[in-house]
Structure formats: structure tokens, C-alpha cells
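Here is how the chains run, residue by residue.
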Amino acid sequence: MLPAGDQKLVQILDLALSDVGRRSGDWLVCHPGCTQCCIGVFSINQLDAERLRAGLDELTRTDPLRSAALVQRVQESIDRLSHNFPGDAVTGLLDTSDEAQAGFEEFANDETCAVLDPTTGFCDLYTHRPVACRVFGPPVRSRSGTEGGLGICELCYHGATEEEIAACEMVVDPDGIEAQVLGELAQGNRRGDEERLTLVAFALARRDR
């Protein structure tokens, strides 16, 4: 079950993205059906995983046919990803060693996210998507520290100067709400893996968690 604070986190992120869209104007070209950011695996935390599972449960109730197609894509993705998986392919938890993390940089860069509907080009769990998906596109500073550079989608901000890009920066979770909610999740579940990272497909395959 999702901690109560997750809804607040999502609202803050969505408001921040709306504000960035206003400041960015035509430089931010993200639009429905643009799927470049849906290619290549990326790590998600256990709060993202819980949110995705809640979304899949909702989709199963409201649109069982679409849900079944998504679940099939999830299994097919796991079958491909389990080979040379940089972690435990049974649990889907990524290894935290330096060697495994280095290997992850080149792991499954051509894998399409299982949540993406290949026919429509839309995300089937869009309202429940991970934080990484919510902040991709606009200028976002590296989470490694405040001194990190601003990262943007390569399709966006063409013709903008560095100063103009910086003026459009999206400040992600300035109050650290995500960390607080992850703490709530850990206290509620006591599984011991709340700080471990996983992948979207593996998160959706573990709906019993």
C-alpha cells in the first residue's frame, strides 16, 4: 500500500513540471507519443515500485484487456533482462557494488519500457509513473549534489543559451519529501529492501509485495 505522503510528492512534482513548462515555452517539446525517454532501462526505488503496482492494480480493475497486454510485455521484458542482470534476477533488486553499477551503464540500453503501449505510444501507467519519468525533459540538476550540471532531454531546448536553460531549471523535491515517504514505507513493511533499487518490469512482476 502506498504511504499517504506519496500523493503530496506527486502533486509537488506535477506542479513543478507545470511551472517549468510555462517558463520553457516552445523549448520543452515533450508531448504525448514522444517515446525516446522510454527506451533503455533505468533504476527506480521501492516507492516508485509501489506506485507502479498500485497503478497496475487500478488498470486491472478498469481495463483488464489492456492490463493483460501490459503484464505480457512485462514478462517478455523480464525474460530478456534476466540474462546478465546486474543484480538478483529472481527478486529484481540491483546489485549495489561498484562493479555491478558500472555494468549497469551499458545494460539493456535498447530495451523498451514494458509500460509503454507499442501501438499508441502512450504510457499505460502514466499517472503512476516513477519520479525519473516525471522529471525527464526539463533542466534537472544531478542528484549527486548541488554542484552537478543540469541535464536535459537532447530533443529539448534547441537554440537556448546556457543562461536560458538554467533559468528553466526544475527544482526536484526541495523539501526531501521522497526520502521521508521512503522512510514511511520502510516502517510499514519492514522487508529490508526499501532502499534497494529495481527496474520497472521487475517491480510490476512482484505485485504480491
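Residues numbered from 1 in each chain as written. Predicted model: local features only at pLDDT ≥ 70, side-chain atom pairs only at ≥ 80, totals over all residues. Heavy atoms only, no water.

**Quick notes on the packing of aromatic side chains**
Taken as a whole and assessed by the stated rule, the structure comprises four aromatic pairs. Here Phe 85 and Phe 107 contribute two aromatic rings whose centre-to-centre distance is 6.1 Å and whose plane-to-plane angle is 80°, an arrangement assigned as edge-to-face. Taken together, the residues Phe 85 in the loop between helix 3 (64-81) and strand 1 (87-88) and Phe 107 in the loop between helix 4 (98-104) and helix 5 (131-134) connect sequence positions 22 residues apart. The residues Phe 85 and Phe 107 share a single accessibility class, namely buried. Counting every residue linked through ring pairs, the aromatic cluster contains Phe 85, Phe 104, Phe 107 and Phe 202. (Phe/Tyr/Trp six-rings, centres within 6.5 Å; stacked < 30°, edge-to-face > 60°. Helix = DSSP H or I, 4+ residues; strand = E, 2+ residues; numbered from the N terminus. Buried < 20%, exposed > 50% of the residue type's maximum accessible area, 1.4 Å probe, protein only.)

**A short note on the pattern of salt bridges**
The final tally for this structure, using the stated rule, is eleven salt bridges. One salt bridge connects Arg 134 with Asp 14, and the closest N-O pair in it is separated by 3.1 Å. Highlighted residues: Arg 134 in helix 5 and Asp 14 in helix 1 (residues 5-24), separated in sequence by 120 residues. One salt bridge connects Arg 66 with Asp 63, and the closest N-O pair in it is separated by 3.2 Å. Bridged by salt links that share partners, the residues Asp 63, Arg 66, Arg 73 and Asp 124 form one connected network. (Salt bridge = Lys/Arg side-chain N within 4 Å of Asp/Glu carboxyl O.)

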